[in-house]
Amino acid sequence: MIKLKQFLVATLTSCSLAAMSAPLLAAELVLPNEVAASHWKTAYMNEFAAKVDKRTSGSLDVKVFPSSQLYNDQDALAALGTGAVHMVWPVSVRIETIDPRLGAINLPFTLTDKLMGNQCYAKGLTELMSSYVEPRQLKILGLLRAADLFFIMSKRDVRQMADFKGTKIRVIGGRVFLDTIRALEASPVSMPASEMSTALGQGAIDGVFTSAGGWAEMIGQTGKHAYYVPNFSLTTYAVVVDKAWFDELSEVEQKAITSSMDEITAKQWKEVVVEDQKLIDKMVAGGASFTQATAQETQAYEAIAAKNKKLFANEYPDVLPAMDAIEKRCL
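Residues numbered from 1 in each chain as written. Predicted model: local features only at pLDDT ≥ 70, side-chain atom pairs only at ≥ 80, totals over all residues. Heavy atoms only, no water.

So what's going on with the nonpolar core? Residues and values would help.
Core analysis: the biggest nonpolar cluster contains 86 residues, and Phe48, Met87, Trp89, Met129, Phe151, Ile257 and Met323 have the highest contact counts within it. Apart from residues lying up to four places away in sequence, Ile257 is in contact with Leu29, Phe48, Val52, Leu60, Met87, Leu141, Trp245, Phe246 and Leu249. (Core = buried A, V, L, I, M, F, W, Y, C linked by side-chain atoms within 4.5 Å. Buried < 20%, exposed > 50% of the residue type's maximum accessible area, 1.4 Å probe, protein only. Contact = heavy atoms within 4.5 Å.)

Right under this line is the structure:
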């Protein structure tokens with residue numbers, strides 16, 4: 001009996017020591033992504049994962065799933081709060097479905113690289129947008145630069161606003177974008193990015209409102225003519241996290257996520273401008289045309305934007321004044 005007790009004590013002691021020395025299982029941060037593994041957004045996600053791993057000493061394992069391996073961005077947004085997804089970086093037009101006040105950042109001539117390059121303004125705007133989704137147990141940690149959008153036409157070489165009349169233009173969706181295209185007397189068509197090149201080639205649509213990446217990597221020379229209105233539509237990716245999950249993390253893990261995101265956001269705005277220009281240059285070298293609206297022509301688009309902003313302000317009167325207050329405080 002004494003030997004048995006000694007054996008049990010020794011066994012329990014060794015098990016306890018083994019348990020104490022065994023590494024704790026890392027918590028997971030599941031981060032789906034609908035763009036390809038080769039896209040620069042995926043590269044920034046992988047950089048984010050490496051930073052968080054280092055700053056938490058491996059206690060938080062960020063798993064990136066590109067190319068819709070797990071979810072596309074819209075479905076990933078819907079999965080936040082279920083435990084299946086913890087973070088997603090969708091194009092900001094997607095989050096208008098959560099709260100229409102978020103459409104403010106998609107209004108024409110609203111965001112600029114200069115504004116978002118000011119860290120005080122970028123942080124203040126992020127906090128304002130986050131306040132609209134936090135009652136839904138979501139949190140916005142940052143706004144990344146998606147693209148400075150422009151028009152890609154298959155046959156019509158647009159030179160002025162009147163050239164859009166009667167055309168069918170593909171947009172990603174969202175009320176603000178749809179209203180913008182209608183204001184040009186064109187018909188907005190919402191369809192997946194994977195279908196826009198074929199639709200353009202077959203004449204089902206006349207043009208696409210998209211990014212330099214969308215032009216170079218998805219449409220190609222099917223879109224012969226590009227037309228760009230400076231600052232007309234600077235789009236963002238919203239970094240959205242499951243708030244309940246985030247609030248339960250340790251202080252070290254929360255800080256690792258926010259500091260890593262802040263670092264990436266600050267440099268990403270500058271780096272993507274350079275990458276976009278490289279893609280535009282590549283398309284022009286391949287025979288496509290790229291026309292930029294003159295300052296006088298741009299004024300006509302600004303007049304349309306003012307009307308759209310007024311409609312938005314009438315419906316959501318507190319949003320734009322709050323954004324203006326941030327700008328006055330920071331610039």
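Now that the structure has been shown, the text picks up again.
Lay out the pattern of salt bridges in plain terms, naming residues and giving numbers.
According to the stated counting rule, one finds 19 salt bridges in the structure shown. The salt bridge involving Arg145 is made with Asp113; its shortest N-O contact spans 2.8 Å. Linking Arg145 in strand 4 (residues 138–148) with Asp113 in helix 4 (residues 113–116), this pair joins segments that are 32 residues apart in sequence. In this structure Asp113 comes out as partly exposed when scored by relative accessible area, which is 30%. For the salt bridge of Arg159 with Asp157, the shortest nitrogen-to-oxygen distance reads 2.9 Å. Here Asp157 falls in the partly exposed class, since its relative accessible area comes to 27%. Salt bridges sharing partners connect three or more residues here, namely Arg175, Asp179, Arg182 and Glu315. (Salt bridge = Lys/Arg side-chain N within 4 Å of Asp/Glu carboxyl O. Helix = DSSP H or I, 4+ residues; strand = E, 2+ residues; numbered from the N terminus.)

Can you tell me about the pairing of strand 5 (residues 150–153), naming the residues and giving the values?
For strand 5 and strand 8 (residues 207–210), the ladder comprises four bridges, and the chain directions are antiparallel. Within strand 8, the residue paired with Met153 across the bridge is Gly207. Sheet topology places strand 5 next to strand 9 (residues 225–228); three bridges connect them, and they run antiparallel. Bridge assignment links Phe151 to a residue of strand 9, and that residue is Tyr227. (Pairing = 2+ DSSP bridges.)

So far we have only geometry, and geometry alone does not tell us how the molecule works.
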